[in-house]
Amino acid sequence: MDKTGARTFTTRDGLSSDNVGAIYQDAAGAIWVGTAGGLARLANGVFQVFRTADGLGNDVVREIAGDPDGTVWIGTNGGGLVRYRGDAVA
């Protein structure tokens, strides 16, 4: 963290790629980051990464949005729309 309080997160910290295209904060306070290398969820200081092997249609994430029931919707580049509900991509 620098003297302004800013901190940079990169792949060294667990981010799925340093090329960020979308960001979203859910109701629980987790930060969702869509990158050129998948989807990263930052909660309690730890990144959890999702890629095509975990159910994403494509590793390039363009959009992230949430709905009132806590579902997170992930728009991928050419891989369609993906739903994250509970604790898994579905």
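Residues numbered from 1 in each chain as written. Predicted model: local features only at pLDDT ≥ 70, side-chain atom pairs only at ≥ 80, totals over all residues. Heavy atoms only, no water.

**A few points about the pairing of strand S4 (residues 46–50)**
In this sheet, S4 lies alongside strand S3 (residues 38–43) in antiparallel orientation, the contact comprising five bridges. What sits directly across from Ala-43, in S4, is Val-46. Taken together, S3 and the strand that follows it, S4, pair antiparallel across an intervening segment of two residues, in which Asn-44 is found at a positive phi of about 55°. (Pairing = 2+ DSSP bridges. Helix = DSSP H or I, 4+ residues; strand = E, 2+ residues; numbered from the N terminus.)

**Examining the packing of aromatic side chains**
Counted according to the given criterion, the structure contains four aromatic pairs. Aromatic pair Phe-9 and Phe-47: ring centres 5.8 Å apart, planes at 80°, arrangement edge-to-face. Highlighted residues: Phe-9 in the segment before strand S1 (20–25) and Phe-47 in strand S4, separated in sequence by 38 residues. An aromatic cluster is present here, built from Trp-32, Phe-50 and Tyr-84 joined pairwise through their rings. (Phe/Tyr/Trp six-rings, centres within 6.5 Å; stacked < 30°, edge-to-face > 60°.)

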